[in-house]
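# Structure at a glance
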Amino acid sequence: MSTTLTRYMYVCCLLLILFSIGCRQEKAPKYRIGFSQCTGNDDWRRNMLVEMKRQLFYHPEMQLLYKDAEDDSKRQISQIQQLLAEKIDILLVSPNEAQPLAPVIAEVYRRGIPVIILDRKAATDSFTAYIGGDNYNIGKLAAKYIAGQLGGKGRIIEVTGLPGSSPTIERHQGFRDELVQYPGLQITASLEGNWVPGKTREAAIRQEATIRQADVVFAQNDVMAYSLFRYCEEKGISHLKFIGVDASPTSDGGIDLVSRGILSASLLYPGGGKEAINMAADILAGKKAPRYTRLQTVLIDSSNVKLMRLQIDKIQEQHQEIEGQQSVLQEQRRLYQDQQHLLRIVATILGVAFLLGIVLFFILRTNRRINRQLKQQRDEILQQRDQLVEMTAKAQEATEAKFAFFTNLSHEFRTPLTLIQAPLESLLDDRQFSSIQKQQLDLMHRNVVRLMRLVNQLLEFRRIESGKLPLKVSEHELPAFITDIMEAFKGVAVKKHIDFRLISRQPGIKAWFDQHLFDRVLYNLLSNAFRFTTDYGKVHIYLEKPENSQETTIRIEDDGAGMDKTTLAHAFELFYQNRGSEHKGTGIGLALTREIIALHHGTIRVQSSKDTGTTFTITLPCSSDPFTPEEICQEAESVHIINHAIQGYVEEPKHIIPVTPTSSPAKEHKYSLLIIEDHPDLNSFLAGHLGGQYEVFHAGNGAEGLQLAFQHIPDLILCDIMLPGMNGIQVLETLKKDIRTSHIPVILLSANNSEEQRIKGMQHNADAYISKPFNLAYLGESIASTLNNRALLKTHYIAEPETRMHTSRSNKPDRKFVNDFTAVVAENLGNDQLSVEDICQHLSISRVQLYRKVKQLLDCNVNDYILDARVKKARYLLLNSSLPVAEIAYACGFSSPAYFSTVFKARSQQTPKSFREQVNKRTDG
Ligand code: FRU
């Protein structure tokens, strides 16, 4: 939820920032006005710029780009080009000189940019408008004023501006033209002042004598007039009158000089800054502008200077007021913009807050729903947990009860087992028993010991698990301890020719352990190794203590049957048994082993692969550190004595020797039996028990059993279901599918007494199912009755050949065999060369198998069956055909009529001929 909200917040803040940035930017001016000024170095032009700026306040859509050429025409040209590059929308220009500036102005105009020329003119027609004072008239007014002052007679000094600039030319022209009216007035000298004081002074120095004799000075601007006045003042020339042009309202400007009496008069020359801005705005707004705008002039002298000044002061005041108001307005505008900006921000914030509110509302609603679901789920989980806890407690209780039951039962078993074992041992010592009886007693003893071991292991496991088995460790030399235990297995190793040895590169390796417990570990692992290692295999024990290690390693390696992956994964699990695996044990030994090692703070690992072998690796601590003081026993027992109780670990090799070979080998038995049972003692016992009545073959696993079945074709097979490798059901299936063995009745034996197992057995055509432990008499009767039933069946086959195929007791392969066999014989009745070999070839079985199968299913000899069939056909031909006897003999496969006659007589007690006559007589009668 918080991530979504944060994401929304980020988006909103971003919007806000973007919006406020957008608001902050004030409106950019729409137009750029380029203003190229010939010079900005005098009050008149400064005043012009002030006028322009003041007027621009009313036109915020326009921006002024100002360039000062400092009286340099070349610089002015390049500055105009710069303005062009800066993409101006209109050009205001006051050219320094008329000629040099003309081309660049024409170029700007040609590019479609409006051009307004101010004050000085350019020598081109390519411009939009001109604004300036009437210079020609100024010249004339000046001449008129001088004439009036001097009474039409006197000498005049003229000071001119820059020669190439239009005001210079026009003012001079107006002045001259007017003077023509006054012949008594003469221009005695003309000084080139170039509009500036310095040049004026230089020219005055050159014309000082003429100046001294003159009466009046007409300077084309006030600046040059004042410069000459000061020069004359310096030189003590005080009679001269000075007239200037401009009448600027600044200090030392024309009006100031007239009021101070320095100048007699000054002609007002307006700058036109205000008019220029207004006109530019009109042009840019698309309005039509007049091409020439003449600004009016007026002469200011002592008679009107005061009024003028007052007016100017008033105007100045008004300007200041306007400027003040403008700045207030500016401030207000800024304030307004700020407020507008603020308003937008507030509006945005409100908008964002509103959006966030909506988002928050939905998020909260979703949250509430999720919380509700979570609560519901939590309640369900809690309920399930409680149920689980309850079930676990019950399961725990049940397990405990089960273990307690096992433990109690195991305790209960020990007394009766001891009471069986002890008398058995004393009976074994008794010499009055026959060797067969001794063997049986020995078998009983071995199994009692084994049972006792299982019971003891179970009890020990329970004691360790419940922490009731106190550990008493001390330091022992492992090689001596292991060698001692190995002694017990030496006999088996020799019998099975197993390479059995201890391999240790370091002498006297020690470890801390409880020898009375730890011996179970070694007995268990070694007994396993011997159980699964075949003759001529190896069982090696490696003992190692790596340098600087706190542990000792014992490795027991065998090259026996090994475990499959499933068995390996569950190797240490209590009561785990993998059906079908050869590694089938009680499920206690390895679990107990692991518990004992864990009690010693050691570890056990197993590596194994099928048919390659198994390696168990144990580690034991080399110091007493891991043990509590109570677990440490200071005085170690020096010699280890093999515990009598664990002698049962050492099992003799599984050579199956029948316990009671009651039958003499020469005696012929009517029936033969095959026993397939992996438990050697039971196998041997059954063989011994049944050997008196039947010829017995026996196998320890399914594969061996099948091999013997095909080899001997026994009359009945007894097969255990739980067999290593191929199980009993698979063996049964194979037997019943194979024509050679399909007729053999099979009785299944199993420790699993479940209905399911019985049904499965019967589905695969088992003839009987007997659960372990079984009653021997019942087993004997079952075998006998199965064999008797078979015998009856044979009789049935022989008596009613036509119904053979439909008997419910016969299985499919048997019916097929009978069909195939009779068909081969029937087809070859006319063939006197038909041999047993031919029939075997047709049926793809061996001679022995044919004889046995025909005997089993039809209870007769193969050759007898063929002769019977021939005779039967001959009888039919004798009755139903008129063929001579000799021909019938050949048609029925007899090599000669004489042989036919002999055989026929032997089976029908009369010759073929008399048989025919007798039957014919009966029909005739
Ligand atoms: C200022 C000025 C004025 C004069 C005008 C003529 O630069 O010299 O005094 O009237 O230029 O262009």
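Relevant structure appears above.
Reading guide: rules and limits
- Residues numbered from 1 in each chain as written.
- Predicted model: local features only at pLDDT ≥ 70, side-chain atom pairs only at ≥ 80, totals over all residues.
- Heavy atoms only, no water.
- Near = heavy atom within 4 Å.
- Polar contact = N/O pair within 3.5 Å; in protein donor to acceptor, adjacent residues only side chain to side chain.
- Areas by Shrake-Rupley, 256 points an atom, 1.4 Å probe, with all protein chains shown as cover.
- Helix = DSSP H or I, 4+ residues; strand = E, 2+ residues; numbered from the N terminus.
- Nonpolar A, V, L, I, M, F, W, Y, C, P; charged D, E, K, R; others polar.
- Domains from an automatic or database assignment.
- Pairing = 2+ DSSP bridges.
- Axes fitted to C-alpha atoms, helices over the stretch in contact; angles between N-to-C directions.
- Contact = heavy atoms within 4.5 Å.
- Salt bridge = Lys/Arg side-chain N within 4 Å of Asp/Glu carboxyl O.
- Expected span 1.5 Å × (residues − 1).
- Bend = angle between axes of the 7 residues up to and from the residue.
- Buried < 20%, exposed > 50% of the residue type's maximum accessible area, 1.4 Å probe, protein only.
- Arc of directions from axis to C-beta.
- Phe/Tyr/Trp six-rings, centres within 6.5 Å; stacked < 30°, edge-to-face > 60°.
- Lys NZ or Arg CZ within 6 Å of the ring centre and 35° of its normal.
- Core = buried A, V, L, I, M, F, W, Y, C linked by side-chain atoms within 4.5 Å.

### Let's talk about the site of the ligand
Asp 42, Trp 44, Arg 45, Asp 119, Arg 120, Pro 167, Arg 171, Trp 195, Asn 221, Asp 246 and Tyr 269 make up every residue found near the ligand. A distance of 2.9 Å separates an oxygen atom of the ligand from a polar side-chain atom of Arg 120. Asp 246 is positioned with one of its side-chain polar atoms (N or O) 2.3 Å from an oxygen atom of the ligand. With the chains in place, 98% of the 310 Å² that the ligand exposes on its own is no longer accessible. Those elements giving two or more residues to the shell around the ligand turn out to be α2 (43-56) and α6 (166-179). Taken together, the residues that form the shell around the ligand break down as four nonpolar, one polar and six charged. Formed jointly, the shell around the ligand draws a minimum of three residues from each of two domains, domain 1 (31-131) and domain 2 (134-270 + 295-306).

### As for the sheet that holds strand β14 (residues 499-504)
Spatially, five strands are ordered β14-β16-β17-β19-β18 in an open sheet, and the strand pairing comes out mixed. The open sheet has two edge strands with one neighbour each: β14 and β18 (603-609). In this sheet, adjacent strand axes meet at a mean angle of 10° when their direction is disregarded. Pairing analysis gives six bridges linking strand β16 (residues 538-544) to strand β17 (residues 551-558), with the strands arranged antiparallel. For His 540, the partnering residue across the bridge sits in β17 and is Glu 557. Packed onto the sheet, helix α14 (residues 478-495) meets β14, β16 and β17 and runs at close to 170° relative to β14.

### Things to note about the pattern of salt bridges
A complete count under the given rule lists 34 salt bridges for this structure. When the shortest N-O distance is used, the salt bridge between Asp 119 and Arg 45 registers 2.5 Å. Taken together, the residues span a long stretch of sequence, with Asp 119 in the loop between β4 (115-118) and β5 (129-133) and Arg 45 in helix α2 at a distance of 74 residues. Glu 390 is the partner of Lys 394 in a salt bridge, and the nearest nitrogen-oxygen pair spans 3.8 Å.

### Thoughts on α14
Over its 18 residues, α14 runs 26 Å from end to end, which matches the ideal 26 Å to within 8%, given 1.5 Å per residue. Remark: the principal bend of α14, roughly 50°, maps to Phe 489. Buried within α14 are the following residues: Leu 478, Pro 479, Phe 481, Ile 482, Ile 485, Met 486, Ala 488, Phe 489, Val 492 and Ala 493.

### Quick word on helix α28 (residues 897-908)
Residue pairs three or four apart in sequence face the same way in an α-helix, which turns once every 3.6 residues. In a regular helix each residue adds 1.5 Å, so 12 residues correspond to 16 Å; α28 covers 16 Å between its end C-alpha atoms and thus fits that length. Taken together, the buried positions of α28 are Phe 900, Val 903, Phe 904 and Ser 908. Viewed end-on, α28 has its buried residues packed into an arc of 110°, placing them on one side of the element. Turned more than 90 degrees away from the buried face of α28 sit Ala 898, Thr 902 and Ala 906, all of them exposed. Where α28 ends, the next residue or the one after it, Gln 909, has phi of about 60°, a positive value.

### Re the packing of aromatic side chains
For the structure on display, the rule yields 22 aromatic pairs. On the numbers, 5.6 Å between centres and 45° between planes, the contact of Phe 35 with Tyr 66 is tilted. One end of the pair, Phe 35, is in strand β1 (residues 31-37); the other, Tyr 66, is in strand β2 (residues 62-68), with 31 residues separating them in the sequence. With a relative accessible area of 0%, Phe 35 lands in the buried category. Relative to Phe 530, the ring of Phe 500 has its centre 4.8 Å away and its plane inclined at 80°; by these criteria the two rings are edge-to-face. Of this pair, Phe 500 sits in strand β14 while Phe 530 sits in helix α15 (residues 515-532), and the two are 30 residues apart along the sequence. Assessed through its relative accessible area of 11%, Phe 500 is described here as buried. In textbook terms, an aromatic cluster arises when at least three aromatic residues are bridged by ring pairs, as seen for Phe 894, Tyr 899, Phe 900, Phe 904 and Phe 915. The positively charged end of Arg 555 is found above the aromatic ring belonging to Tyr 542, 4.4 Å away from the centroid. The ring of Phe 817 carries the charged tip of Lys 853 above its face, separated from the ring centre by 5.4 Å.

### Considerations on the nonpolar core
If you look at the biggest cluster of nonpolar residues, it comprises 49 residues, and the most contacted ones within it are Leu 478, Ile 482, Phe 500, Phe 518, Ile 554 and Ile 618. What Leu 478 contacts, discounting residues up to four positions off in sequence, is Ile 509, Lys 510, Ala 511, Phe 513, Leu 543, Thr 552 and Ile 554. Counting 44 residues, the second largest nonpolar core, distinct from the first, contains Ile 90, Leu 118, Ile 156 and Ala 289.

### Re the sheet that holds strand β10 (residues 265-268)
Strand pairing in a sheet is mediated by backbone hydrogen bonds. Such pairs are either parallel or antiparallel. Pairing is mixed in the open sheet, where six strands are placed in the order β7-β6-β8-β9-β10-β12. A single partner strand is all that each edge strand has here, and the edge strands are β7 (185-192) and β12 (299-301). Neighbour to neighbour, the strand axes of the sheet diverge by 20° on average, direction disregarded. Pairing between strand β9 (residues 241-246) and β10: four bridges, direction parallel. Bridge assignment links Asp 246 to a residue of β10, and that residue is Leu 268. In this fold helix α5 (residues 135-150) packs onto β6 (154-160), β7, β8 (216-219), β9, β10 and β12, with an angle of close to 160° to the strand it touches most, β10. Against the sheet, helix α9 (residues 222-235) engages β6, β7, β8, β9 and β10, with an angle of about 155° to β9.

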